[in-house]
Amino acid sequence: MDIRTQKTFEALFALEDIRETLRQRLPNVTGPEDESSILEGVSKVRKILDDIEAGTGTPQVRKIASNIDIRSREEMYINIQPIQAAGRLTPEARKALIAYGDGYSTCDACRKPFRLDKITSPPIAPFHEQLASFVNMDAARVIPGARRGFQAVASTLVEKGDSVIVSGLAHYTEFLAVEEAGGVVKEVPINEHNLVTPDATAEKIEAVKKETGKLPVLVMIDHFDYQYANEHDVKSIAKVAHQYDIPFLYNGAYTVGVMPVDGKEIGADFVVGSGHKSMASPAPSGVLATTSEWAPKIFRTTQMVGDVTKRKFGIKEVEMLGCTLMGSTLIGMMASFPTVKERVNHWEEEVKKSNYFIDGLLAIEGSKVLSEYKRKHTLSKVDTTNSFDIVAKSHKRKGFFLSDELSSRGIIGEFAGATRVWKLNTYGLSWEKIRYLLDTFQNIADKHEIKVNRG
Ligand SMILES: Cc1ncc(COP(=O)(O)O)c(C=O)c1O
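Here goes a summary of the coordinates provided. (Residues numbered from 1 in each chain as written. Predicted model: local features only at pLDDT ≥ 70, side-chain atom pairs only at ≥ 80, totals over all residues. Heavy atoms only, no water.)

1. Things to note about the pairing of strand β5 (residues 218-222)
Okay, so step 1: Within β5, five of the five residues are buried, leaving the element largely enclosed by the surrounding structure.
Okay, so step 2: With burial as the criterion, each face of β5 is covered, one bearing Leu-218, Met-220 and Asp-222 and the other bearing Val-219 and Ile-221.
Okay, so step 3: With helix α10 (residues 234-243) bridging β5 and the parallel strand β6 (residues 248-251), this β-α-β connection has right-handed handedness. (Buried < 20%, exposed > 50% of the residue type's maximum accessible area, 1.4 Å probe, protein only. Helix = DSSP H or I, 4+ residues; strand = E, 2+ residues; numbered from the N terminus. Right-handed = clockwise from strand over helix to strand, strands pointing away.)

2. Concerning the site of the ligand
Okay, so step 1: For the ligand, the set of nearby residues contains 14 residues, the closest of which are Ala-146, Arg-147, Ser-274, His-276 and Lys-277.
Okay, so step 2: Residue His-171 places a side-chain N or O atom 3.1 Å away from an oxygen atom belonging to the ligand.
Okay, so step 3: Expressed as a share of its isolated accessible area of 390 Å², the protein-covered part of the ligand is 94%.
Okay, so step 4: Among the secondary structure elements, those contributing two or more residues to the shell around the ligand are α7 (146-157) and α12 (275-278).
Okay, so step 5: Per-element tally for the shell around the ligand: the top contributor is α7, with three residues.
Okay, so step 6: Tallied by class, the residues present in the shell around the ligand amount to five nonpolar, six polar and three charged. (Near = heavy atom within 4 Å. Polar contact = N/O pair within 3.5 Å; in protein donor to acceptor, adjacent residues only side chain to side chain. Areas by Shrake-Rupley, 256 points an atom, 1.4 Å probe, with all protein chains shown as cover. Nonpolar A, V, L, I, M, F, W, Y, C, P; charged D, E, K, R; others polar.)

3. Quick notes on the sheet that holds strand β8 (residues 286-290)
Okay, so step 1: The seven strands lie next to each other as β2-β8-β7-β6-β5-β3-β4, forming an open sheet whose pairing is mixed. If you trace the sheet from one side to the other, it starts and ends with β2 (139-143) and β4 (184-188), each paired once. Here the strands of the sheet are splayed against their neighbours by 20° on average, with no regard to which way each runs.
Okay, so step 2: Inspection of the sheet shows β6 paired to strand β7 (residues 270-274) by three bridges, in the parallel sense. Bridging from a neighbouring strand, Leu-249 pairs with Phe-270 of β7.
Okay, so step 3: On the sheet, α10 packs against β5 and β6 and is oriented at approximately 160° with respect to β6. (Pairing = 2+ DSSP bridges. Axes fitted to C-alpha atoms, helices over the stretch in contact; angles between N-to-C directions. Contact = heavy atoms within 4.5 Å.)

4. Considering helix α6 (residues 124-134)
Okay, so step 1: Taken as a whole, α6 has its buried residues at Ile-124, Ala-125, Phe-127, His-128, Leu-131, Ala-132 and Phe-134.
Okay, so step 2: Buried positions along α6 lie against β2, β8 and α14 (328-343).
Okay, so step 3: Backbone geometry just downstream of α6 places Asn-136 in the positive-phi region, at approximately 50°.

Here you go:
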């Protein structure tokens, strides 16, 4: 690395430290003093970026720097975007992204047997073991997103025409994984509380057996669904699946990395997690973990032999297409892992904050929560049609008025103009930020003469 690039990296690392400080301070802004210290931090960031722009860096690094500038929204705003919250990177992961940006940077020390999960420098092999034990399963692989986990399992288990049980709230990627394998999804209807129950799952299995003459080959259920973030009784559903001898895939896209997950305790044959949704990792990343019984099937190695050259690639795993996450994506995931491992212990506090906010939102007359209540997750679906949206009807900015009000007070992440029935996520916000967030919603309500029942 030449000295100019080196200097630029140093500047970027310093930038990360400043950004972290800013992240912690906001929006604890209670007076002009706080404001000026934040502005001072921001101007330091700008200065570093200006220096880089002025020519200290290579074009690639300048590009990274300008992206970082765009992402300064995290220092300047509270972001309640529903799907980004728990995927936001740690400072360590951000540094790792820069340092390991080259595509195959993880592969310098790839020696026999030539496979990603066997590399010991950087410590990728032990990371795989840690991942497996993190979700209490026997073996794990990193994968490019939860969807690739569904794909690997479906491709192994599902033959043409086979049925796979999913929830009536299943994510579309589960449908696609089954379709690609030639199978057919069979949805368990959700009940009046928007939940999938073990009884309904058993009924569906019976119905499929009657209709097709065959049992489904897989049951795949989301612990928390993406529409309401309601908690489904995965443990009892896994038990039902096993009573029919059907393997159970636990979709932990909204759990692995934010709350403790014990695959064995749940009775999962497969645990799938999403790195960029819940493990503070770059996209696309995720984890597929399984039991020692299933590992040889899901992680089977290639039997293919070249008909002319007679070449064999025996150690490569078919479903993983040999290797999965290379370079900065994987190292980013690894860099965040110590934080992720620790933060799952604070899930209850996150849920408390979520409920504090939702309670306060419900105090704004006309507002509803469509997710199960009390909340068991930080992602919630709310309905403000009869509160804020009443104002929108006569406001000159129409449906954009709420977003305007929020962003002018430092809150972003909702889809501007789409705030009648909408989702938000409070994961990772400090108590100060949560209080500020709630005060802001209530103050906007006050301003527009919507009654707030402050109790
Ligand atoms: C419940 C659920 N499962 C799976 C996925 C897909 O995750 P990934 O983007 O990691 O493939 C999502 C993404 O939104 C999801 O909400």
